[in-house]
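For reference, the chains in residue letters:
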Amino acid sequence: NAGVTQTPKFQVLKTGQSMTLQCAQDMNHEYMSWYRQDPGMGLRLIHYSVGAGITDQGEVPNGYNVSRSTTEDFPLRLLSAAPSQTSVYFCASSYSPSSGGYTFGSGTRLTVV
Amino acid sequence: AQSVTQLDSHVSVSEGTPVLLRCNYSSSYSPSLFWYVQHPNKGLQLLLKYTSAATLVKGINGFEAEFKKSETSFHLTKPSAHMSDAAEYFCVVSPSGNTGKLIFGQGTTLQVKP
């Protein structure tokens, strides 16, 4: 099994550009989440989903959109990139967050110039 | 509201000596608690989890954590540090029930000196 696959691994954007970070999992997990990691701040939840067709906002949702049309995929869209969105982004999935924890992807390092 | 506080941002130990990484949590209900490890430029890996069974939890690579409800703590320990343990460690709480959310502490960087 591939687990949680994130693409791309690295990306440089200009301010104002848009892009989509891809996330796919092959474990049939219902729960999926997007986090951003910034130095000294741990990981902060951007958006999450508890199943196909269901999404909700996390702690830092502004500037990001998500959709969940299939169980496998959970893309994160940056609408108009800003330097404040420079970060490392992690996608994660779980069959049961309270008992099993999450499986994390390897991350996407995004720089906005 | 739930929260997690990791009491040390940086811990330095010598190889072969014990490791203690401290974590306190705040939760209105019985939470699930986790420790994750992140090696440089890598994703996060689950070390161990507490889900209201035994209060002493054993994880991978010789790590353990003890859930103490009276102290609202979930400290991570290892009897003898290895050079490969150098990494960042995150204490994480999952609120009661499957809300889909995880709340992360700010992380503790473990340095292991030869």
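Scroll up to find the structure this text is about.
Conventions and cut-offs
- Residues numbered from 1 in each chain as written.
- Chains lettered and ligands numbered in written order.
- Predicted model: local features only at pLDDT ≥ 70, side-chain atom pairs only at ≥ 80, totals over all residues.
- Heavy atoms only, no water.
- Helix = DSSP H or I, 4+ residues; strand = E, 2+ residues; numbered from the N terminus.
- Rg over C-alpha atoms; globule rule 2.2 N^0.38 Å.
- Buried < 20%, exposed > 50% of the residue type's maximum accessible area, 1.4 Å probe, protein only.
- Contact = heavy atoms within 4.5 Å.
- Buried area = accessible area lost by both parts, 1.4 Å probe.
- Salt bridge = Lys/Arg side-chain N within 4 Å of Asp/Glu carboxyl O.

Engineer: Looking at this structure, how should I read the overall build of chain B?
Structural biologist: Secondary structure summary: chain B contains zero helices and twelve strands in total. Tracing chain B from N to C terminus, the helices and strands come up as β-β-β-β-β-β-β-β-β-β-β-β. In summary, chain B has a C-alpha radius of gyration of 13 Å against a globular reference of 13 Å for 114 residues, a match within 12%. Counting only residues that meet the buried cut, chain B has 42% of its 114 residues in that class.

Engineer: Hey, could you run me through the interface of chain A and chain B in this one?
Structural biologist: By convention, interface size is frequently given as the accessible area that disappears when the constituent parts associate. Taken residue by residue, the interface counts 24 residues in chain A and 23 residues in chain B. By the criterion of area lost to chain B, the three top residues of chain A are Leu43(A), Ser98(A) and Phe104(A), representing 27% of everything that side buries. There are zero salt bridges connecting chain A and chain B. Within the residue set of the side of chain A that touches chain B, elements represented by two or more residues are β4 (31-37), β5 (43-51) and α1 (97-100) of chain A.

Engineer: What's the story with the pattern of salt bridges in this structure? I'm lost.
Structural biologist: Pairs may arise between side chains of opposite charge once their charged atoms sit close together. Tallied over the entire structure, the rule returns five salt bridges over all chains. In this structure, Asp38(A) engages Arg36(A) in a salt bridge whose closest nitrogen and oxygen atoms are separated by 2.9 Å. Look at Arg36(A) and you get buried, because its relative accessible area is 9%. The partner of Lys58(B) in a salt bridge is Glu64(B), with the nearest N and O atoms 2.4 Å apart. You can call Lys58(B) exposed: its relative accessible area is 60%.

Engineer: Can you help me understand the environment of Pro39(A) in this one?
Structural biologist: Mapped onto the elements of the fold, Pro39(A) is located in the loop between β4 and β5. When the C-alpha positions of Pro39(A) and Val88(A) are compared, they lie 9.6 Å apart, and in sequence the two are 49 residues distant.

Just geometry here; none of it tells us what the structure is for.
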